[in-house]
Amino acid sequence: MTVHAQETEWRNVVVSGTPGSGPVRYELESDGTVEKTTETGSAPVDGASINANDTLEGSYASGVVVGGVDAYRYTGELTLLSVEGDATVYLDGSQTDPDSVGESYDYLTVVGDGPRTEYSFETDGDVAKTNMTGGAPKSYASIQGGDTVDGGSVSGTVLGGVDAFRVSGDITAFELSGGTAYLNGQEYTGPGGDDEDDDRGGDSDAAIRFTGCTGVEVDGKFDQVSLSVLAADAGCQTGTRYYEQEYVYGLAESETIEGTTAVDLPDGHFAEYQMVESATAEGDETVEVTNPDADACRDEMESQLESACD
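Residues numbered from 1 in each chain as written. Predicted model: local features only at pLDDT ≥ 70, side-chain atom pairs only at ≥ 80, totals over all residues. Heavy atoms only, no water.

Thoughts on the sheet that holds strand β4 (residues 55-57)
Taken together, four strands build an open sheet; the order of strands is β4-β5-β2-β7 and the sheet is antiparallel. What marks the edges here is a single partner per strand, and that holds for β4 and β7 (78-84). Within this sheet the neighbouring strands show an average axis-to-axis angle of 5°, counted without direction. Sheet analysis places β4 next to strand β5 (residues 60-65), joined by three bridges and oriented antiparallel. Counted as the bridge partner of L56 is A61 from β5. (Pairing = 2+ DSSP bridges. Helix = DSSP H or I, 4+ residues; strand = E, 2+ residues; numbered from the N terminus. Axes fitted to C-alpha atoms, helices over the stretch in contact; angles between N-to-C directions.)

Here is the structure:
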């Protein structure tokens, strides 16, 4: 009698970022096995990379691509596939809408305001910490050991940063001290509260003007100004490493920014190559403006990175 070993039936999922469109964040999970790969299967793209920005823990994977390609092979079925940013997603070679794959989740994001923001919430489903912010004004959340997730109960603190959670089920209780919360990109005050579309635009946008790829001018009276920064280290052998940072320009507690104030990101503050993607001024009102020349700034930074390795 001859016994034939059963071959593992691998499937492929590929996330391909649009060049010049900025970082694309994603997370995925399978009920089987997940492995990182440089092979894209039958998808019409190549050049998939494996780098330190990608995380693989068991059958859960997350990462970021900036005009590049990330690929995974997996067994079983995808229970999670979420993508934020301008990207094309392929499943077994066919272009796929990630919203149609896996289970449906909500993303709850808390953006810190001032020295300390505290929050807690309860859900009747599952909850997990994530880097993805679900369309909130801040595009990246940190994962800190000080935040507590116990079943469906969550509590944490942010000090001018961002925390985000992936939630299944309904949020049944929510408390926030300071800062602003967002549920799937919309300002959130709690279950049964008056959630509103946080435009952060309109007439207030004139309070911030970009003066280039690394600086702004702020008109008005504010407590602090923060710059969302895309930084990069040229890795000629290992591949370029991109990461996001926040530069905060603030004064002493009793002082405010008044009149017209220039806020410039210092050269080499986070990396040799850096640009400002958006700016936020906080005070009696909060104004956030996206860099209108962000695409051109990213193209310039990518060109400089390529030249550094020539």
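Some remarks on the sheet that holds strand β1 (residues 11-17)
Spatially, five strands are ordered β3-β6-β1-β8-β9 in an open sheet, and the strand pairing comes out antiparallel. At either margin of the open sheet sits one strand with a lone partner, and together these are β3 (34-37) and β9 (94-95). The pairing of β3 with strand β6 (residues 69-74) spans four bridges and is classified as antiparallel. Within the sheet, the bridge partner assigned to K36 lies in β6 and is Y72.

So, the packing of aromatic side chains
Taken as a whole and judged by the stated rule, the model has four aromatic pairs. Measuring from centroid to centroid gives 5.4 Å for F121 and F165, while their planes differ by 75°, and the two rings are edge-to-face. Taken together, the residues F121 in strand β11 (residues 117-123) and F165 in strand β15 (residues 162-167) connect sequence positions 44 residues apart. Aromatic side chains F174 and Y188 sit 5.1 Å apart centroid to centroid with 65° between the ring planes, which places their arrangement in the edge-to-face category. Placement of the pair is F174 in strand β16 (residues 171-177) and Y188 in strand β18 (residues 186-188), with a sequence separation of 14 residues. Residue classification places F174 among the buried residues on the basis of a relative accessible area of 14%. The class for Y188 is buried, based on a relative accessible area of 6%. Grouping aromatic residues by their ring pairs yields a cluster made of Y119, F121 and F165. In this structure, K36 is placed above the aromatic ring of Y72, and the distance from its NZ or CZ to the ring centre is 4.8 Å. In this structure, K129 is placed above the aromatic ring of F165, and the distance from its NZ or CZ to the ring centre is 4.9 Å. (Phe/Tyr/Trp six-rings, centres within 6.5 Å; stacked < 30°, edge-to-face > 60°. Buried < 20%, exposed > 50% of the residue type's maximum accessible area, 1.4 Å probe, protein only. Lys NZ or Arg CZ within 6 Å of the ring centre and 35° of its normal.)

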